[in-house]
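# Coordinates in review
Here is what each chain is made of, one letter per residue.
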There are 4 protein chains.
Amino acid sequence: MSHNSFGHLFRVTTFGESHGPALGAIVDGCPPKIPLDAKDIQGFLDKRKPGQSRFTTQRREADEVKILSGVFSDGDGRRVTTGTPIALVIENTDQRSKDYGEIADTYRPGHADYVYDAKYGVRDHRGGGRSSARETAARVAAGAVARKVIAGVTIRGALVQVGPHRIDRANFDWAEVERNPLFCPDAHAAELWADYLDGVRKDGSSIGAVIEIVAEGVPVGWGAPVYGKLDADLAAAMMSINAVKGVEIGAGFAAAELTGEDNADEMRAGPNGPKFLSNNAGGVLGGISTGQPVVVRFAVKPTSSILTPRRTIDRFGKETDIVTKGRHDPCVGIRAVPVGEAMMACVLADHFLRHRGQMG
Amino acid sequence: MSHNSFGHLFRVTTFGESHGPALGAIVDGCPPKIPLDAKDIQGFLDKRKPGQSRFTTQRREADEVKILSGVFSDGDGRRVTTGTPIALVIENTDQRSKDYGEIADTYRPGHADYVYDAKYGVRDHRGGGRSSARETAARVAAGAVARKVIAGVTIRGALVQVGPHRIDRANFDWAEVERNPLFCPDAHAAELWADYLDGVRKDGSSIGAVIEIVAEGVPVGWGAPVYGKLDADLAAAMMSINAVKGVEIGAGFAAAELTGEDNADEMRAGPNGPKFLSNNAGGVLGGISTGQPVVVRFAVKPTSSILTPRRTIDRFGKETDIVTKGRHDPCVGIRAVPVGEAMMACVLADHFLRHRGQMG
Amino acid sequence: MSHNSFGHLFRVTTFGESHGPALGAIVDGCPPKIPLDAKDIQGFLDKRKPGQSRFTTQRREADEVKILSGVFSDGDGRRVTTGTPIALVIENTDQRSKDYGEIADTYRPGHADYVYDAKYGVRDHRGGGRSSARETAARVAAGAVARKVIAGVTIRGALVQVGPHRIDRANFDWAEVERNPLFCPDAHAAELWADYLDGVRKDGSSIGAVIEIVAEGVPVGWGAPVYGKLDADLAAAMMSINAVKGVEIGAGFAAAELTGEDNADEMRAGPNGPKFLSNNAGGVLGGISTGQPVVVRFAVKPTSSILTPRRTIDRFGKETDIVTKGRHDPCVGIRAVPVGEAMMACVLADHFLRHRGQMG
Amino acid sequence: MSHNSFGHLFRVTTFGESHGPALGAIVDGCPPKIPLDAKDIQGFLDKRKPGQSRFTTQRREADEVKILSGVFSDGDGRRVTTGTPIALVIENTDQRSKDYGEIADTYRPGHADYVYDAKYGVRDHRGGGRSSARETAARVAAGAVARKVIAGVTIRGALVQVGPHRIDRANFDWAEVERNPLFCPDAHAAELWADYLDGVRKDGSSIGAVIEIVAEGVPVGWGAPVYGKLDADLAAAMMSINAVKGVEIGAGFAAAELTGEDNADEMRAGPNGPKFLSNNAGGVLGGISTGQPVVVRFAVKPTSSILTPRRTIDRFGKETDIVTKGRHDPCVGIRAVPVGEAMMACVLADHFLRHRGQMG
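About the criteria used
- Residues numbered from 1 in each chain as written.
- Chains lettered and ligands numbered in written order.
- Predicted model: local features only at pLDDT ≥ 70, side-chain atom pairs only at ≥ 80, totals over all residues.
- Heavy atoms only, no water.
- Helix = DSSP H or I, 4+ residues; strand = E, 2+ residues; numbered from the N terminus.
- Polar contact = N/O pair within 3.5 Å; in protein donor to acceptor, adjacent residues only side chain to side chain.
- Contact = heavy atoms within 4.5 Å.
- Least-squares fit on C-alpha atoms with pLDDT ≥ 70 in both.
- UniProt positions renumbered as here; feature names shortened; annotations may be inferred.
- Buried < 20%, exposed > 50% of the residue type's maximum accessible area, 1.4 Å probe, protein only.
- Core = buried A, V, L, I, M, F, W, Y, C linked by side-chain atoms within 4.5 Å.
- Buried area = accessible area lost by both parts, 1.4 Å probe.
- Salt bridge = Lys/Arg side-chain N within 4 Å of Asp/Glu carboxyl O.
- Nonpolar A, V, L, I, M, F, W, Y, C, P; charged D, E, K, R; others polar.
- Pairing = 2+ DSSP bridges.
- Axes fitted to C-alpha atoms, helices over the stretch in contact; angles between N-to-C directions.
- Arc of directions from axis to C-beta.

What follows is about the side chain of D:S206. Mapped onto the fold, D:S206 is located in the loop between α5 (187–202) and β10 (209–216). Separated by 2.6 Å, the side chain of D:S206 and the backbone oxygen of D:T303 make a polar contact. With residues near it in sequence (within four places) discarded, D:S206 still touches C:L258, C:T259, C:G260, D:V200, D:P302, D:T303, D:I306 and D:P330.

And the structure:
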């Protein structure tokens, strides 16, 4: 991952600020002859789109994607990828930049305002500029392309913790994720969380969350030890998402408390290679996929855009207080679900191509 | 991170198998005129070296590093870097490969044996070959060079959890880390853990751990959003270490339970930029260093090399049991401390140079 | 250089097909606070723009560039770079794709039609799609940004040979380059070439050319041996331009005929380091700039779009003849001048940042 | 190409100075299960080895390669690659560094002495240190591995020009290349050149040369437009070889003098895709291989190590004269033949894997 690009063979470069004219992604290295239309991408963007429920920011963006290059008719009336770079552009339409006049000079604690100013000496402060979570729309668009590259892999995400409230694993149901606006796989938890989040929202507060992303259908063998490990790339990909402060694979931090007897996933003979008796590894051993589901979780901090005044300084070094107005998410973790799915898709697509390059 | 290299401007490439003739690292892009002698590196290798205490593997390796290139006399009798690639080689001397005869054909659960075979169709099974933690010696050697590149930064690591036992933060003392063989910063915990680990060792079992690495003296501004984020690179670097299953920055997973009021680090005016009133960010906001200490923790799973028989299959698909003989660490997390420090050093050195490239 | 990107710290990614909705470039890694407006870029695009004289294709394109991201007000009324990715987009307006109906199925000899089809199995045939020289507009746009990064360097290009006709070095005058539509630095040659090219054009033929690009003001020290050499990167950059078949630095191929006595550039003491008595090296020794002008020449083949029928096959393997209609350049080398300048600028900007990264 | 590495999937990193303890290469990303023994590499090193004839330097080096990692028994008694990094090390044995005492302080014109000092402020002056052509032994070793990756491709090189003397194309015979110490494919020219070079040698002078490298058996489709073009990567690879000042593909600079009618390679139907009626393209169109032989030529300047005194300065800025003693090649172009072959092999191996990654 370098600057604003990631991936080696399936390479994604994004651009754009929250309140600039547009943002987008260039997807380079995509295999050719894959059917691809804007509507294939739009569905995923709609999942991430703000303003879908009372639990997300009320900014209204159509998030309509345009494909500027890299697809062409295959002669049978279908648009397909051509192997050349796919440029995806989303125009910004509902910017309301004046909401952000105040933060032109004052640093919001917990935001990137101060560090951008300290590093670059200039920044587009409107809505956080480049550091805005709005950038993740470009990730989701790229992820939609990536999914098509690894068509045999199913990638799903869910919110598994909101603040102190965890799901009950016994209730885990992927179908439920589609039914509630929280991407929660536990119907009972979804209800409780809705109430809890209403409280958070009404208080003008915010809360953190944990997201779980699972990729099923990944064959054994993807990943390039010892630095191009699949889990290392997943860790970077998830950590690069706005507000993420932790990433774990399989048993994750809980593995620290396990003994070798309990942790190692035993194997029995299966019809196609080993049948693992557990998946503490989260589908990755030695940086290489095992054929089991790849399971990643990441923690998202609460947004710092809250109505309670916080102590801060301005860019002249003067002490002041700040209350963030603007429109914000009480729990940014919710919209991080489709973003995490997209990053999983991009990393897997890249590793699929890299594996195929080395191994045939 | 790609294959066996990481870093952009300060780039490290490692090679070598556990039981091959040698392993090593090529450090490319190092600035010139930095005093560098083998002994500068040796001290760090000695910290990681096996056989230092009863809590680590009894394999005996001198881990003596040789510098094959990239240093020269500066005319004043000192050896200094010349800006050309620095080749660091460590010969293997105490291989006892026959200990591993059994695992030539049988996959150890929780190890990379199966996936290497499935991916590559051939592997050096002796001691895990390329997937052995022995590879981390090369990281530590490279890390010693990296520390010299960022001479103003102090990097220290400690074991903060062993199995279910955490340190008491009130007892945290960096000086204590040097005094016990567990790199534990809490003298009281160190004693308890020693007893606990003796039990683990005598049982032929193993246990996981959590390591914390802190870098002090990192100035504000290092890191390249939005994919070359400092924390994203740290996540990849730590996750690439053998047996690591989770990485977190600052408050990490605990941030999921925090409100925006509690999480955001408030700022007051300090003599040199802001004085932060807390460090939940772990020294990184928006992927850029804040000037506060950079705090990373990672979870290490227990090694699967244990004396209790585990169910597995062999490479012919036949079901069998395995007991790993060989010489192993009851808690590989201990020796992961200097490795984590080295990875922190390499990532910071790279970001220092990248920042300097873009910003002057 | 990988796929559709080049550069390490100053990194350019381009996208777009000749007859798609738009093409463009993402410039990543640009230092902040550099004044940048669309008009700074437009001037260079206008030099490359088709339809400027009777010697270039009659396709009419405004080639109007829009900046979608990466610039912001500096507070003093100027637009400046912010250090985030700069997205540059140019819409296609005068496509006349029907001119290309015939080549949907038939491969033009000397063009990339056949290889794109053989590699990808699908291609946007209209105007050559991605392989069209129209892509070079994106390079020129990126090059305009690069020039600002290395403001102390003057980059100029000229046509020094058209078919068998070379300039007279005694007449070389940079000012003359601006005065004739051929970018020819020799006023006398410019007249003769104009007549010669009129003949080529009227015959429906085409002819090759040699372009020389000179960068003055490059300080000693840029370049990263032994694979990131300045001249190696320049060679790749120039060879990547459409229709280029050869690249040379300094004395170039003529150096093969020189003795060591004649070739080596002798040195005398100058006020700021050495004064070289000649520049056979073309400003690069050992892959590192010497402080002398960097001199690169590249040969451009004649376009294969000519009115004389040529033997070829179609995509079904059937033999046929082809006459390329459409609108084309009798000497594509002319418009390659600003493209070569842009590539020189991008490579130098990247090496400037890389040098600064390693050396401070 | 970056610093001391090149290639994306087949990636080569080299290290070492002319008079240090050793030099070598790390080959990363090599596919597994390819038979590889030191003797497979040694044959190519022996071709490049100094002291083979009176036309090359009299330095005596065994250039014996050791493989430190990345190969293992395949169970059937053969050593094969394992997919992990292959470390190749060659010890220096005949350094005679005292020959170079004089150049510790004085810059040899036409060598990299001055620029290394100016850039790095320190350098290993002995034999040119890192900038010595001795580094090319590591390229040749890596190239031997690359050839095995693309086993269906035949790569051969020849000297086609020495000073002003060109071969007669009518006499071109690959078999002849093996029979004379000049790698000359024209038996008659080989004799004349031997006399000519004896004169150059006796005069203590040196002369330039042109080398041609041809790869047969490259299928259509390798190369990644528009910046990862096969010819762009070949240009960089060849230009990165010591003393190279020009690179051309196919007709090369001669294409500048051709009309479109003469240049475009016409096509007829062949049994497997098109049969080209000429190969002015040198096997590459639009950056993608055409299936025809890939033909690259590069010009090597004469070494500046000559017995005639040349004017120069020392590192204190003082004017002086220099006569290079030491042991040198009267025509470094001769030994550049196996080096050019190696670079061709590495670039093709990399593009083969990259193509396979994207296309399957």
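There's plenty left to go through after this.
You can overlay chain D on chain B at an RMSD of 0.0 Å; the transform is a turn of 180 degrees with a shift of 0.0 Å along its axis. In symmetry terms, the pair is related by a two-fold rotation axis.

In this numbering, the UniProt entry assigns the feature "binding site: FMN" (unreviewed entry) to A:R130, A:S131, A:S132, A:N242, A:A243, A:G286, A:K301, A:P302, A:T303, A:S304, A:S305 and A:R327. Structurally, A:S131 can be placed in the loop between α2 (113–120) and α3 (136–149). On the basis of relative accessible area, A:S131 is assigned to the buried category, the value being 18%. Residues in contact with A:S131, not counting those within four places in the same chain, are A:A112, A:Y116 and A:N242. The residue A:P302 is located in the loop between β16 (294–300) and β17 (310–313) in this model. Exposure remark for A:P302: the relative accessible area of 0% places this residue in the buried category. When neighbours within four sequence positions are excluded, A:P302 is seen to be in contact with A:S206, A:I207, A:G208, B:A255, B:L258, B:T259, B:G260 and B:N263.

Right, let's get into the UniProt feature "binding site: NADP(+)" (unreviewed entry) in chain A. All names here are of chain A. As recorded in UniProt, the feature "binding site: NADP(+)" (unreviewed entry) lies at R48 and R54. Within the secondary structure, R48 sits in helix α1 (residues 38–48). When near neighbours in sequence (up to four residues on either side) are disregarded, R48 contacts D63, A133, R134, T136, A137, V140, R335, P338 and V339. The topology assignment puts R54 in the loop between α1 and β4 (65–67). Leaving out residues up to four positions away in the same chain, R54 has contacts with A194, D198 and R201.

Turning our attention to the relation of the copies chain B and chain A. At an RMSD of 0.0 Å, chain B and chain A line up after a rotation of 180 degrees and a shift of 0.0 Å along the axis. The fraction of interface residues of chain B whose copies in chain A are also interface residues reaches 100%, indicating that both copies meet through the same surface.

Judged by nonpolar contacts, the single largest core of 430 residues is most densely connected at A:F10, B:F10, C:F10 and D:F10. Each residue touching C:F10, except ones within four places of it in the same chain, is listed here: C:V27, C:D28, C:C30, C:A142, C:V145, C:A146, C:V149, C:C346, C:A349, C:D350 and C:L353.

You'll often see interface size given as the accessible area lost when the parts meet. In this complex, chain B contributes 111 residues to the contact, which on the side of chain A involves 111 residues. Interface of chain B and chain A: buried area, both sides summed, is about 8600 Å²; carbon and sulfur atoms make up 59% of it. In terms of surface lost to chain A, no three residues of chain B exceed B:K119, B:Y227 and B:K245, which account for 11% of the buried area on that side. Counting across the chain B and chain A interface gives 8 salt bridges. A salt bridge links A:R310 to B:E266; the nearest nitrogen and oxygen atoms lie 3.5 Å apart. There are 61 residue pairs in polar contact (both at pLDDT 80 or more) connecting chain B and chain A. Along the lines of polarity and charge, the residues of the side of chain B that touches chain A split into 51 nonpolar, 37 polar and 23 charged. Relative to strand β11 (residues 244–249) of chain B, strand β11 (residues 244–249) of chain A is paired through 3 bridges, and the arrangement is antiparallel. Each residue of the ladder has a partner; that of A:V247, found in β11(B), is B:V247.

For the rest of this paragraph, the subject is the pattern of salt bridges. Under the defined criterion, the tally for this structure stands at 113 salt bridges over all chains. If you follow the salt bridges from partner to partner, you end up with A:R108, A:D113, A:D117 and A:R123 in one network.

Read across the sheet, 10 strands follow the order β9(A)-β8(A)-β10(A)-β16(A)-β11(A)-β11(B)-β16(B)-β10(B)-β8(B)-β9(B) without closing on themselves; strand pairing throughout is antiparallel. The outermost strands of the open sheet, each flanked by one partner alone, are β9 (165–166) of chain A together with β9 (165–166) of chain B. Its contacts with the sheet put helix α8 (residues 336–359) of chain B on β8 (154–162), β10 (209–216) and β16 (294–300) of chain B, and the angle it makes with β8(B) is roughly 140 degrees.

Strand order in the open sheet formed by 10 strands is β9(C)-β8(C)-β10(C)-β16(C)-β11(C)-β11(D)-β16(D)-β10(D)-β8(D)-β9(D), and the pairing between neighbours is antiparallel. At either margin of the open sheet sits one strand with a lone partner, and together these are β9 (165–166) of chain C together with β9 (165–166) of chain D. Here strand β10 (residues 209–216) of chain C runs beside strand β16 (residues 294–300) of chain C; their pairing, made up of 7 bridges, is antiparallel. The partner of C:I213 across the bridge, within β16(C), is C:V296. Against the sheet, α5(D) contacts β8 (154–162) and β9 of chain D, and its axis sits at roughly 60 degrees relative to β8(D). Strands β8, β10 and β16 (294–300) of chain D of the sheet are contacted by helix α8 (residues 336–359) of chain D, whose axis makes an angle of about 140 degrees with β8(D).

Of note, the amide linkage connecting B:P225 to B:V226 takes the cis form, showing an omega dihedral of 5 degrees. Tracing the backbone shows B:V226 in the loop between β10 and α6 (230–239). The backbone of B:A243 sits at a positive phi, close to 75 degrees, despite the residue not being glycine. Considering the arrangement of structural elements, one finds B:A243 in the loop between α6 and β11. For D:H3, which is not glycine, the phi dihedral falls at a positive 45 degrees. Relative to the helices and strands, D:H3 resides in the segment before β1 (5–6).

Here the focus is helix α1 (residues 38–48) of chain C. Residue and element names in this part refer to chain C. All of the buried residues in α1 are I41, Q42, L45 and R48. The arc enclosing the buried residues of α1, seen along the axis, measures out at 115 degrees, which places them on a common side. Tucked into the core, α1 has its buried residues touching β4 (65–67), β7 (86–91), α3 (136–149) and α8 (336–359).

What follows is about the interface of chain D and chain B. Each partner contributes residues to the interface: chain D has 41 residues there, and chain B has 41 residues. When chain D packs against chain B, the two sides together hide about 3000 Å² of surface, and 67% of this comes from carbon and sulfur. When the buried area of chain D at its contact with chain B is split by residue, D:L68, D:F72 and D:V122 rank highest and sum to 19% of it. Our enumeration of links across chain D and chain B arrives at 0 salt bridges. There are 6 residue pairs in polar contact (both at pLDDT 80 or more) connecting chain D and chain B.

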